Amino acid sequence: MKTTIIDLSKPIQYNAGDPWFMRVKIKHKPHRKSHWLIRLALNLPFRLFPKNWTGWADDTIKNMGLHATTHIDAPWHYGPVVEGKPAKTIEQIPLEWCYGDGIVIDCSHKEDFVAITVDDLKKDLHKNGITIQEGNIVLIRTDRDKLMGTSDFVERGTGMSRQATEWLIDQGVKVMGIDQWGWDLPLKYMAQKAKELNDPEFFWEGHRVGIEKEYLHIEQLTNLSALPPSGFKICVFPLKIVGGSAAPARVVAMMNE
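So, how was this worked out
- Residues numbered from 1 in each chain as written.
- Predicted model: local features only at pLDDT ≥ 70, side-chain atom pairs only at ≥ 80, totals over all residues.
- Heavy atoms only, no water.
- Helix = DSSP H or I, 4+ residues; strand = E, 2+ residues; numbered from the N terminus.
- Buried < 20%, exposed > 50% of the residue type's maximum accessible area, 1.4 Å probe, protein only.
- Areas by Shrake-Rupley, 256 points an atom, 1.4 Å probe, with all protein chains shown as cover.
- Lys, Arg positive; Asp, Glu negative; His and termini not counted.
- Charge placed at Lys NZ, Arg CZ, Asp CG, Glu CD.
- Contact = heavy atoms within 4.5 Å.
- 1 Å grid on protein atoms, 1.4 Å probe; cavity = no way out; pocket = protein on both sides within 12 Å on 5 of 7 lines; lining within 4 Å.
- Points joined across faces, edges and corners; volume = space filled by probe spheres on them.
- Nonpolar A, V, L, I, M, F, W, Y, C, P; charged D, E, K, R; others polar.
- Core = buried A, V, L, I, M, F, W, Y, C linked by side-chain atoms within 4.5 Å.
- Patch = residues over 30% accessible without salt bridge, like charges linked within 9 Å, V, L, I, M, F, W, Y side chains within 5 Å.
- Salt bridge = Lys/Arg side-chain N within 4 Å of Asp/Glu carboxyl O.
- Pairing = 2+ DSSP bridges.
- Axes fitted to C-alpha atoms, helices over the stretch in contact; angles between N-to-C directions.

**A short note on the overall build of the chain**
Okay, so step 1: Scanning the chain from terminus to terminus reveals seven helices and 15 strands.
Okay, so step 2: When each of the 257 residues of the chain is scored for burial, the buried share is 47%.
Okay, so step 3: Accessible surface, the chain as shown: approximately 13500 Å² in total, 55% of it carbon and sulfur.
Okay, so step 4: Averaging the locations of the 32 positively and 32 negatively charged side chains of the chain gives two centres separated by 11 Å.

**Structural notes on the environment of aspartate 145**
Okay, so step 1: Summarising the element assignment, aspartate 145 is placed in the loop between strand 9 (137–141) and helix 4 (152–155).
Okay, so step 2: Between the alpha carbons of aspartate 145 and glutamine 220 there is a distance of 7.1 Å; along the sequence they are 75 residues apart.
Okay, so step 3: Sequence-distant contacts of aspartate 145, that is, excluding residues within four places in its chain, are made with Phe153, Asp179, Leu221, Thr222 and Asn223.

**Things to note about empty space enclosed by the protein**
Okay, so step 1: This structure, assessed with the given rule, holds one cavity of 30 Å³ or more.
Okay, so step 2: Approximately 40 Å³ is the volume found for the largest cavity.
Okay, so step 3: Forming the boundary of the largest cavity are Ala115, Met160, Ser161, Asp184, Leu185, Met190, Phe202 and Glu205.
Okay, so step 4: Of the residues belonging to the lining of the largest cavity, the class tally is five nonpolar, one polar and two charged.

**Some details on the environment of isoleucine 211**
Okay, so step 1: With respect to the helices, strands and loops of the structure, isoleucine 211 is situated in helix 7 (residues 205–212).
Okay, so step 2: Here isoleucine 211 falls in the partly exposed class, since its relative accessible area comes to 32%.
Okay, so step 3: Distance from isoleucine 211 to valine 81, taken between C-alpha atoms, is 6.6 Å for residues 130 residues apart in sequence.
Okay, so step 4: Excluding residues that lie within four positions of it along the chain, isoleucine 211 makes contacts with Tyr78, Val81, Val82 and Glu83.

**Remarks on the nonpolar core**
Okay, so step 1: In terms of nonpolar packing, the biggest core is built from 24 residues, with Leu8, Leu139, Ile218, Leu227, Ile234, Val236 and Val251 touching the most fellow members.
Okay, so step 2: For this core, the elements supplying multiple residues, two or more each, are strand 9, strand 12 (216–219), strand 13 (232–235) and strand 15 (252–256).
Okay, so step 3: Residues within four places of isoleucine 234 in sequence aside, it is in contact with Leu8, Cys98, Tyr99, Gly100, Gly102, Ile137, Leu139, Val251, Val252 and Ala253.
Okay, so step 4: By size, the runner-up hydrophobic cluster in this structure holds 23 residues, among which are Val118, Ile140, Val173 and Ile178.

**Focus: a nonpolar patch on the surface**
Okay, so step 1: Together, Leu37, Leu42, Trp53 and Trp56 line one region of the surface with nonpolar side chains, adding up to about 420 Å² of accessible area.
Okay, so step 2: Within the secondary structure, leucine 37 sits in helix 1 (residues 34–42).
Okay, so step 3: For leucine 37, a relative accessible area of 48% corresponds to the partly exposed category.

**Let's talk about the sheet that holds strand 11 (residues 175–178)**
Okay, so step 1: Strand order in the open sheet made by the nine strands is 1-15-13-7-9-11-12-4-14, with mixed pairing throughout. A strand with exactly one partner marks an edge of an open sheet, and here the two such strands are strand 1 (3–7) and strand 14 (246–248). Each neighbouring strand pair of the sheet contributes to a mean axis angle of 30°, computed without reference to strand direction.
Okay, so step 2: The pairing of strand 4 (residues 71–73) with strand 14 spans three bridges and is classified as antiparallel. Bridge assignment links histidine 71 to a residue of strand 14, and that residue is proline 248.
Okay, so step 3: On the sheet, helix 3 (residues 118–127) packs against strand 7 (99–106) and strand 9 and is oriented at approximately 105° with respect to strand 7.

Taken by themselves, the reported measurements are silent on function.
Here is the structure:
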């Protein structure tokens, strides 16, 4: 039996369209530069370098906003207390939550700035004859990953309503994800709308569900259009960043042919 692996992760690289304070900056150090490091730090003279070897390459991450990558948010991101208990940071997340049967719910028809509803979720599940089981990892397809690398990726998109987020949690879903910048409607839009409505409960409503009901979500997925509605496994293991509010993850889908 052959297993096909589909990458659902955003490349970690400089993106001019990301907010300026979160842009990933990586310094790549060429092979020959390590000659001096090896000579000075290890006291190995050039004459003893192996033949036909120019040295090792190296890289340094100069800046990386964790939330500017394909990442999984920890409960700590939503608030310091979740369900009345100290919120888990990313290294405290049980890895068992991060692997399971995947489901894709197609919400690509939703217009920018219009939130995804419970009815949207139920309609697509019914169309595909899918019933959510406890432990499923549910991915919301919006196709906004096509905007990655541009400022529109941050500025545009749909987003999960509070009710839709709660409904997934109530079905036994611990981990869910989306292929746009954030889980909610775009940040600038939410801020402006909250002022217009004079409603303190409007901003970040999908995220804030996690203060009352513990759950995790993945943001900035890509390539969800390559997946069927069900019949695959999802692996979303985060980097073990102590005290982290989130961590980059190489998210992959695995399908047996």
